Every structure is written in structure tokens, then in C-alpha cells.
Amino acid sequence: MEINLGGNYEPGLGNTPADSIFDKVLPNAVTCKSKELFALARKSSLWTLSFGLACCAIEMISTHMSHHDLDRFGVVTWPSPRQADVMIVAGTVVKKMAEPIKLLYEQMPDPKWVIAMGSCATNGGPYYKSYSVVMGVDHLIPVDVYVPGCPPRPEALMYGIMQLQEKITKDAKESGRKTSDS
Amino acid sequence: MRIQKNPTDETNSLDLMVNMGPQHPSTHGVFRVVLWIDGERIVKSEPHIGYLHRGSEKLCEDELYSQVITLFDRLDYVSNLNCELAFCMATEKLMDLQIPDRAEYIRVILCELNRIANHMLFYGAYGLDVGAMTPVLYGFRERERIQSLFESVTGARMMHNYIRIGGVKEDLPDNFERRIATLTEQLKRGIEECDDLLSNNEMFLARTKGIGIINGEDALDFGMTGPSLRASGILEDVRISEPYSIYERFNFGIPVGTAGDCYDRYYVRVEEMRQSLSIIEQAVQQMEKGPILANVRRITRPPKGEVYIRTESPRGDFGVYLVSDGSDKPYRVKVRAPSFANLQTLQHLLRDAYVADSVVILGSIDIVLGEVDR
Amino acid sequence: MAEKLQTPNNNPKRPRRPPEIPTASVKLDEREKALQSLLPQVLVDFEFETVLAVDEVIISIKPQDLPAICKVVKDDDDLNLGYLRCISVVDYIEYLEAVYHLFSLKKRHKLVIKVQLPTESPHLPSVVSIWRGADWFEREGHDLFGVVFDGHPNLVPLVLYEGFNGNPGLKSFPFHDYKEW
């Protein structure tokens, strides 16, 4: 391909060096909003806070393992809340545990998302008559995706994470994100 | 972290208080332990539990007997079938019910498969605690095989709700014999592979041999049971001392350790997996066709009375104390969880241990917070 | 007009009487029978009553005798009940009951010790000095039922959070009133 920067160029005519470079050197450039680009980066590398509380934690661990691999989605489980994007609340939320959950949520830096996994985290689950269970983690922290099941299958959790990825792109497209970086 | 003055130390040194909080990658669930350390040695430790206390025992008083089985599933959420079995056996003993033979064989086969799955999870998690990242993938590969068989038999991967009062819910599928034959072959190879990977590894031996030693009498005084007690040299297995179900018909060995350290607690479990495989093979050979549920009413109303049943769960002695007043809901259900008693030994084991060994010791006791807190 | 069908439910000549509640049948095996015959000889100095449940021998004792009896049954060579399985507290609305399940590894027999307690301010001596494993069981009984174990080194809440009002194990504690919203 010839790079011809042009002899007589005039701005406004479309044959300035910048235009030529753009047309000839970079034919495959894509333009997009920065928010969408960042959303693409964020959704492809979601680091989850390893926060398994009860039985759903075993299914969450199974999902990370080699049979239903979550690493191919870029999801890596990380113990420190300061370096995590998503908190998957897997298991029953007990009133004694409510304060640590709030502390962990506040320690996570923006942008952050929460997935409530299992029916106990959604609305109390089989323990809805209990004296010491918080009926759903959305009484404490805002939840983005609810994954029902008791416990949800690994495929269900993967679908939940994919729905979260779609939510991240849709929020960026609509630019109405409340915890955006702007 | 808080600094606290040690009153008995004449050198006027200070102890550091470190919190291994409820959210920690290696506390096996929501468990909190506060350590007072002097340099690298732990001076005092204080475990705090209750971060998963869901009130299951009180909830059982308001549910029918068949609904209580679903609550029991979620107690020891890694070996569910054993918990269901304990409760069903307690009710059947109160009612003096005779279970059909085929149901007993199905129960034993599934419980022993559950034992292997549980020990595979222990193997993987213990590898992670010690610092090895590979065993967990191998352990979970075997677990997935067992869970897919469970799915074909009971309908669910984890919370099965399959063992019912009077027998089991449904008969085995038609291809079960073929599947179990291939599964036992695969599991044999899998157990050998897992054993090969970790048990003779030099770093693993250095991290677990001679660490966290507990005496047999001390362990029994604390109420410790299961593989952790057998690693300290005491031969105590519920399947032998108080045989329940049809365990008397099988020929199996009980591995017993000698030193009582972390390595023995780990290796006893690896050997138990092999013994469980032999029980499964014998049971599949001996099983015959027949009914799978005794003649029971839809709503069970056991007679008035109380009973205490214990079963050998993969963690130890799982006991159920059931008090019935003749109605269709239990009057009081008390669960004696093995991890609850085993965890009391943690304070004793962590005295004068290194901080880096605390995770290894905690992992070797093999606790599940669902049954500790209930 | 068709007559109303006379079923057992609405036949006035045969009123429906409440069904009798059966009691579970007792079946003791030889070990338990031998234990039952041994008990009066070993526990000479104490008063106790023996009841038989489904397959267990239950003795009911007074609260103040508890540590002494536990020491005797643990150290005695014939009984040798060295393994404390479980301590439970049951709420029978007029009284509370603490139940101790014991087992012997050598002789393979089991015993149940029951202690009746009043509902207001139930006090019971602790057996932590005899079996160290009773520690957390007693803390849990204190938490959930309000039973105070005298002599326990560290009777703080175990499973409930600090500041929890009431004892949820009691029958008078209500269930959560869940409303769908």
C-alpha cells in the first residue's frame, strides 16, 4: 500500500496528511465512546471477591474449577476487597455477618457490582422464618444480578455473570451509570 | 491490629493481636479467629463462631418431618446424604420401622460416594491451604464425576432430598450398574493420581509432618471424633462400635494413624476413600431388586418419645437427638455436629504454634461452618 | 331431597374422638440391660430415677449432684463413660431439661443423664472440669435457652450476636413474621 501524503493539500477538502494517514494507514480503525471501551475492558476481566458464606460457595468453587471453567470469561477469584470488582454473595446472610458485609462492600473501589447467588441471598430462602437471618442481601447493599436456585447450578451462575456483563455494556451505552468513573 | 502488654513476661515485650476475620481465603467459610502472637509464635487464640447461625434447630419445630429433611441437607452442605440419613434413621427408630433391603443398599452406596466426594473436597482445599494450587483441580474433577452420577440418581447435584422416611424417594435408573462400574474404575485411578500428587511431596511433608500434634486422650476429652481422632491412634468408628443400617454385612478396614499430626489427619482421609470404594463394590454386588420405600403414610406421625442416633459422617460422629410429642412436627431436634466439637480443639492445637501453621492446622481439622453454627 | 351421606366424619351417633398418641416401644439390648443393673451399685450415694426410652437408659438426677455423678461414671471401671457426646437443652414449657448423652468406647454402652430445671433463672453446675468438650455445648445452651452454668470459665455468647434480646431456643420466642413485599 502506498503512503502518499499528498503534494497540494488543503484543509476542508479532506486531503490533509491527517486524513491521508487515516484513510491509508489505519483502514481498520474503529471509533467508539471511551465509556464503551472501558466497559468492554471491565466486563472481560471481572475479579470476584471470594466471599462464599454457605452451601452456594461449594457450587461457586465448582464453577471456578476445570469442568465449568470461569477463567475463560476472565473471572478470577481474589481474596482482597480492595482489588475486586464483583462481590458474589453466595449463601445465607446472617445478622451477625451483616456488618462485615457492609464493611467489605465499602472497601471495594468503584466501579463495583454485586451478584446475589442463591435463594438465601435473594430473599432469605428456606430460612425465611428464622430469627437470625437477613431476608436477602439487598437489605444491606445494592444488588445488580440475582441468580436463583438452591444452590444454583454452575451453568446458572455463569449465565448470571454473562447477564452482568451485558448489564455493564448496556449501562455504558446508555451512560446513565450511577457509579461511573466520570 | 492492637498491641497488648503481656503481663507475665518480664522482658516487657508486647503481644500483637491479629484478626483472621470472617472473610478470609482460608478459613473454610465464615469463621473468625483472633490470635495473640509474640513474634512468630501464637500465645493465645480465640475462635468466634456464629456467623452462619441460621436457627435450623428452631425452624425444625415448625415444619413437617418430610420438610425437615431439606433443612438437614443444608447443615453439613458437603456431605448432605449423611445428614438426611441420620434424621431419617432417628424417625424410623422412633416408629420402629423396617426398611426394605434395596433401600438400605442404595443409602449405603450413596453415602459412601458422598464420603469420597467430601474427602476430595478436603484434599483440594487442604492443598490450597498448604500452598499447592493444582490438587484442587484434580479433586474437583473427581467430584464432578460423582456429582453427575448423583444428578442422574437423585435429581440434584448437591441438595438431594432423596433419603426419605421409610426408604428412598425413587429407584435407581436403568443404566446405574454400568455407570457405577465405570465410576469406580475412574475413581480408583483418580485417588491414586491424587495420592501420587501430594502425599509424598517434600514441601507438603515439611509443612504437615509434626505440626499440630494432639494426644489421643486429649482429643477424646474434647469430644473429637472421626478421621481426626483416628489419626491420633484411637480406633473409634460408629460403623464398628454401634453399627447402623447394613454396615455389618461389609468387609472394610478403618485406617488409624499414629502420630496425631496434620499429615496423619490428611492421610487417614485418603485411605478412607479407598475403603469406601471397596464398600461400594461389595454393596453393588450384593444388591437385589425389590421395593424401595416402606409402607408409610404421607404425613409421618411418630409415637411419643425420644431417640438419639449417631452416624459416621465424613467429619466424625453426627448425632441427632429427636424428641417427638406425637404430632406431625418434631418437638425438639438437636443436632450434634462433629465439626462443632472438633473445632474446640483448635485453641489447644494453636498454642505455641507458628502463625504460618495456623492455616494448615485449621485445614486439617476439616470443618464445615454450616454444621458448626447450624 | 337426598340424604347427607353418613361418613365417619359427620355421623352424629359416632362422634370423632381424638386419636390416642402412642408411645414409642422400648427395646433394650443386653449391654443396656447390664448397664441398668450396674447403676444402683455404682451410684450408691445419689438418688436418681431410671426411665427407659427407645434404646437408652435415662437417669434423672438433681442439679447439684451433677458434677459428682459425672465424675463417678467417668472414672468407674465398669461404666467407663468417658466420651460426652452431646449436651442439649429442651424446653418443656413448665420446666427446662438439660440432657447429657454419654458413651463408653471400651464397653460400648450409653447412658443419658437428665436434669430438670425451673424456667426462671435456671442454674446448673458446669462439667467443663470433667470433660473439656462440654465447653461450647454449655455456651450454646446458655445462649439459646438462658441456662446459666456455674463454674464455666467463659460464658459469653457463642452463636448469637452481642446485643441479641431474648433466648431464641425457648418455645415462647416467636418465628419471624415474613411478609412478601
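See the structure shown above.
The notes below deal with the structure included here.

Let's talk about the overall build of chain C
Here's step 1: A count of helices and strands for chain C gives 3 helices and 7 strands.
Here's step 2: Helices (α) and strands (β) of chain C occur, in sequence order from the N terminus, as α-β-β-α-β-β-β-β-α-β.
Here's step 3: Among the 181 residues that make up chain C, the fraction classed as buried is 46%.
Here's step 4: Counting contacts in chain C only where the partners sit at least 6 residues apart, residues at least 24 apart contribute 51% of the total.
Here's step 5: Put simply, chain C shows about 10,100 Å² of open surface, and 52% of that area lies on carbon and sulfur atoms.

Describing the sheet that holds strand β8 (residues 316-324) of chain B
Residues and elements named next belong to chain B.
Here's step 1: The sheet built from 3 strands is open, its strands ordered β7-β8-β9 with antiparallel pairing. Taken across any chain shown, the strands that pair with only one partner, and hence form the sheet edges, are β7 (305-313) and β9 (332-336). Here the average twist between neighbouring strands, direction ignored, is 15 degrees.
Here's step 2: Where β8 meets β9, 5 bridges bridge the pair, whose relative direction is antiparallel.

Quick notes on the side chain of B:R107
Residues and elements named next belong to chain B.
Here's step 1: Considering the arrangement of structural elements, one finds R107 in helix α4 (residues 101-130).
Here's step 2: The class of R107 is buried, set by a relative accessible area of 2%.
Here's step 3: Polar contacts involving the side chain of R107 include one to the main-chain carbonyl oxygen of G167, which spans 3.2 Å.
Here's step 4: Leaving out residues up to four positions away in the same chain, R107 has contacts with L85, C88, M89, E92, I99, I163, R164, G166, G167 and V168.

Section: the interface of chain B and chain C
Here's step 1: Opposite the 43 residues of chain B that make contact, chain C presents 49 residues.
Here's step 2: Of the roughly 4,100 Å² buried between chain B and chain C, counting both surfaces, carbon and sulfur atoms make up 56%.
Here's step 3: Our count for the contact surface shared by chain B and chain C stands at 10 salt bridges.
Here's step 4: When the shortest N-O distance is used, the salt bridge between C:K171 and B:E61 registers 3.1 Å.
Here's step 5: On the surface where chain B and chain C come into contact, there are 20 residue pairs in polar contact (both at pLDDT 80 or more).
Here's step 6: Those elements giving two or more residues to the side of chain B that touches chain C turn out to be α1 (56-59), α3 (80-95), α8 (216-222), α10 (238-241), β7, β8 and β9 of chain B.
Here's step 7: Taken together, the residues of the side of chain B that touches chain C sort by class into 16 nonpolar, 8 polar and 19 charged.

Things to note about the environment of B:Y77
Here's step 1: Along the chain, the position of B:Y77 falls in the loop between α2 (65-73) and α3.
Here's step 2: Residues B:Y77 and B:N118 lie 41 residues apart in sequence; the distance between their C-alpha atoms is 9.7 Å.
Here's step 3: If sequence neighbours within four positions are ignored, B:Y77 has contacts with A:L53, A:A54, A:C55, A:I58, B:L52, B:M158, B:M159, B:V368, B:L369 and B:G370.

Regarding the side chain of B:E306
Here's step 1: Positionally, B:E306 belongs in strand β7.
Here's step 2: The class for B:E306 is buried, based on a relative accessible area of 8%.
Here's step 3: Polar contacts involving the side chain of B:E306 include one to the side chain of C:K114, which spans 2.7 Å.
Here's step 4: Discounting residues that sit within four places of it in the chain, B:E306 has contacts with B:L94, B:Y321, B:L322, B:V323, C:A53, C:V54, C:I58, C:Y92 and C:K114.

Comments concerning a nonpolar patch on the surface
Here's step 1: There is a patch of nonpolar side chains on the surface, built from A:L37, A:F38 and A:L40 and spanning about 270 Å² of accessible area.
Here's step 2: Mapped onto the elements of the fold, A:F38 is located in helix α2 (residues 34-43).

Section: the sheet that holds strand β2 (residues 76-78) of chain A
Residue and element names in this part refer to chain A.
Here's step 1: The sheet built from 5 strands is open, its strands ordered β2-β1-β3-β4-β5 with parallel pairing. Each end of this open sheet is capped by a strand with a single partner; those strands are β2 and β5 (145-147). Between one strand axis and the next, the sheet turns through 30 degrees on average, direction left out of account.
Here's step 2: When strand β1 (residues 47-49) meets β2, the two strands line up parallel, connected through 3 bridges. Within β2, the position partnered with W47 by the bridge is V76.

As for the interface of chain A and chain B
Here's step 1: With 34 residues of chain A at the contact, the number on the chain B side is 32 residues.
Here's step 2: Taking both sides of the interface into account, the surface hidden between chain A and chain B amounts to around 2,900 Å²; carbon and sulfur atoms contribute 64%.
Here's step 3: Counting the surface chain A buries against chain B, the share from its top three residues, A:I58, A:Y127 and A:K129, is 20%.
Here's step 4: Counting across the interface, chain A meets chain B through 4 salt bridges.
Here's step 5: Between B:E63 and A:K129 there is a salt bridge whose closest N-O contact spans 4.0 Å.
Here's step 6: Summed over the shared surface of chain A and chain B, the number is 11 residue pairs in polar contact (both at pLDDT 80 or more).
Here's step 7: Counting only elements with at least two residues in the side of chain A that touches chain B, the list comes to α3 (55-64) and α4 (95-107) of chain A.
Here's step 8: The biggest single contributor to the side of chain A that touches chain B is α3(A), with 5 residues.

Examining the pattern of salt bridges
All names here are of chain B.
Here's step 1: Following the criterion strictly, the structure yields 47 salt bridges over all chains and no others.
Here's step 2: The shortest N-O distance in the salt bridge between R310 and E236 comes to 3.0 Å. Here the residue R310 occupies a position in strand β7, and E236 occupies one in the loop between α9 (227-230) and α10, the gap between them amounting to 74 residues. Pair check on accessibility: R310 and E236 agree, each one buried.

Observations concerning the nonpolar core
Here's step 1: Counting residues in each nonpolar core, the largest one holds 200 residues, and the members touching the most others are A:M87, B:F72, B:Y77, B:L113, C:Y100 and C:I113.
Here's step 2: Ranked by the residues each element gives to this core, the list is headed by α4(B), at 15 residues.
Here's step 3: Ignoring anything within four residues of it in the chain, the contact list for C:Y100 reads C:L66, C:L84, C:C86, C:I87, C:L111, C:V112, C:I113, C:L124, C:V127, C:E138 and C:F149.
Here's step 4: Ranked by size, the runner-up nonpolar core spans 20 residues in total, among them A:V75, A:A90, A:V145 and A:L164.

What to know about unusual backbone geometry
Peptide bonds are trans in most cases, and residues, glycine excluded, mostly fall at negative phi.
Residues and elements named next belong to chain A.
Here's step 1: Cis geometry marks the peptide bond from D110 to P111; its omega dihedral reads -10 degrees.
Here's step 2: Mapping P111 onto the fold places it in the loop between α4 and β4 (113-117).
Here's step 3: Each neighbour pair has its own omega, and for C150 with P151 the value is -10 degrees, a cis peptide bond.
Here's step 4: Here P151 is to be found in the loop between β5 and α6 (154-174).

Let's talk about the packing of aromatic side chains
Residue and element names in this part refer to chain B.
Here's step 1: Scanning the entire structure with this criterion turns up 25 aromatic pairs over all chains.
Here's step 2: Aromatic pair Y266 and Y267: ring centres 6.4 Å apart, planes at 50 degrees, arrangement tilted.
Here's step 3: Overall, Y267 belongs to the partly exposed group, its relative accessible area being 26%.
Here's step 4: Among the aromatic residues, those joined into a ring-pair cluster are F122, Y123, Y126, F204, Y263, Y266 and Y267.

Remarks on the pairing of strand β3 (residues 86-90) of chain A
All names here are of chain A.
Here's step 1: Of all 5 residues in β3, 5 are buried; the element is thus mostly enclosed.
Here's step 2: With burial as the criterion, each face of β3 is covered, one bearing V86, I88 and A90 and the other bearing M87 and V89.
Here's step 3: Direction of pairing for β1 relative to β3: parallel, over a ladder of 2 bridges. Its bridge partner lying in β3, T48 is registered against V86.
Here's step 4: Where β3 and β4 come together, 5 bridges link them in parallel fashion. Each bridged residue has a counterpart across the sheet, and for I88 the counterpart in β4 is I115.
Here's step 5: Chirality of the crossover, the property in question, places the unit of β3, α4 and β4 among those that are right-handed.

Procedures and definitions
Residues numbered from 1 in each chain as written. Chains lettered and ligands numbered in written order. Predicted model: local features only at pLDDT ≥ 70, side-chain atom pairs only at ≥ 80, totals over all residues. Heavy atoms only, no water. Helix = DSSP H or I, 4+ residues; strand = E, 2+ residues; numbered from the N terminus. Buried < 20%, exposed > 50% of the residue type's maximum accessible area, 1.4 Å probe, protein only. Contact = heavy atoms within 4.5 Å. Areas by Shrake-Rupley, 256 points an atom, 1.4 Å probe, with all protein chains shown as cover. Pairing = 2+ DSSP bridges. Axes fitted to C-alpha atoms, helices over the stretch in contact; angles between N-to-C directions. Polar contact = N/O pair within 3.5 Å; in protein donor to acceptor, adjacent residues only side chain to side chain. Buried area = accessible area lost by both parts, 1.4 Å probe. Salt bridge = Lys/Arg side-chain N within 4 Å of Asp/Glu carboxyl O. Nonpolar A, V, L, I, M, F, W, Y, C, P; charged D, E, K, R; others polar. Patch = residues over 30% accessible without salt bridge, like charges linked within 9 Å, V, L, I, M, F, W, Y side chains within 5 Å. Core = buried A, V, L, I, M, F, W, Y, C linked by side-chain atoms within 4.5 Å. Phe/Tyr/Trp six-rings, centres within 6.5 Å; stacked < 30°, edge-to-face > 60°. Right-handed = clockwise from strand over helix to strand, strands pointing away.

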